[in-house]
Amino acid sequence: PGLQVLRALAELAAGRADEAERRLLDVPAPPVVPDALAGLAVCALHLRKNDLPPRYLAQLRAAAPAHPLLAALKDFEDSFAMHAARYAPSVSAS
């Protein structure tokens with residue numbers, strides 16, 4: 001499965017998300033391959049299949065909670081929340 005995932009990543013880097021997704025879907029299911037799930041989430045985003053990334057990320061969280069993609073996503077979410085808080089309306093008592 002590792003070679004298949006690498007080939008899919010190469011397809012994605014070349015701008016062929018549809019081919020990358022096809023290769024990742026062909027990765028044998030048992031055992032779960034965390035990098036394949038991460039790749040499928042990224043491919044789904046590139047292909048604008050907006051209903052799929054949350055499903056793949058949920059499976060990835062269950063299979064490999066310490067995966068680098070999940071750590072990066074958490075960092076982005078935390079950073080966004082911090083910056084969004086700066087612009088939240090403040091309520092002042094008059």
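Summary of the structure given here. As the structure is a computational prediction, the values presented were derived from the model and not from experiment.

**Details of the nonpolar core**
Then comes step 1: Counting residues in hydrophobic clusters, the biggest one holds 21 residues, and the most contacted among them are Val5, Leu24, Ala36, Tyr56 and Leu60.
Then comes step 2: Among the elements that line this core, the one with the most residues is helix 3 (residues 34–46), at seven residues.
Then comes step 3: Non-local contacts of Leu60, meaning those with residues more than four positions away in its chain, are made with Pro34, Leu37, Ala38, Pro65, His67, Leu69 and Leu70.

**Brief notes about the packing of helix 3 against helix 4 (residues 52–63)**
Then comes step 1: Where helix 3 contacts helix 4, the axes come no closer than 8 Å and their chain directions differ by 165°. On the basis of their axis angle, the class for helix 3 and helix 4 is roughly antiparallel. Crossing angle aside, the handedness with which helix 3 passes helix 4 is left-handed. Where helix 3 abuts helix 4, its residues Pro34, Leu37, Ala38, Leu40, Ala41, Ala44 and Leu45 lie against Leu52, Pro53, Tyr56, Leu57, Gln59, Leu60 and Ala63.

**Looking at the environment of His67**
Then comes step 1: Along the chain, His67 turns up in the loop between helix 4 and helix 5 (68–86).
Then comes step 2: We classify His67 as buried; its relative accessible area is 11%.
Then comes step 3: Distance from His67 to Ala38, taken between C-alpha atoms, is 8.6 Å for residues 29 residues apart in sequence.
Then comes step 4: Within polar-contact distance, the side chain of His67 engages the backbone nitrogen of Leu69 at 3.0 Å.

About the cut-offs
- Numbering of residues starts from 1 in each chain and follows the order in which that chain's sequence is written.
- Reporting of local features is limited, given that this is a predicted model, to residues whose pLDDT is at least 70; pairs of side-chain atoms are given and counted only at 80 or more, and all residues count toward the totals for whole chains, interfaces and linings.
- Side-chain numbers here rest on the full set of heavy atoms in the structure, without hydrogens or water.
- Here the nonpolar core consists of buried residues drawn from Ala, Val, Leu, Ile, Met, Phe, Trp, Tyr and Cys, with membership extended through side-chain atoms lying within 4.5 Å.
- Here the term buried applies to any residue with accessible area under 20% of the maximum for its type, exposed to any over 50%, and partly exposed to those in between, with areas from a 1.4 Å probe on protein chains only.
- Put simply, DSSP marks the helices as runs of H or I at least four residues long and the strands as runs of E at least two long, and each gets a number from the N terminus on.
- Contacts are assigned to residue pairs with any non-hydrogen atoms lying within 4.5 Å of each other.
- The axes used here are C-alpha line fits, helices contributing only the stretch in contact, and every angle between their N-to-C directions lies in the interval 0 to 180 degrees.
- Should an angle fall under 35 degrees it is taken as roughly parallel, and over 145 as roughly antiparallel, whereas 65 to 115 is taken as roughly perpendicular and any remaining angle as oblique.
- In this scheme, a crossing is called left-handed if the near helix is turned counterclockwise away from the far one by less than a right angle; it is called right-handed if the turn is clockwise.
- Polar contacts, as counted here, are pairs of nitrogen or oxygen atoms within 3.5 Å of one another; within protein the pair requires one atom able to donate a hydrogen and one able to accept it, and residues that are adjacent in sequence qualify only if both atoms are side-chain atoms.

By themselves, these observations are geometric and do not establish any function.
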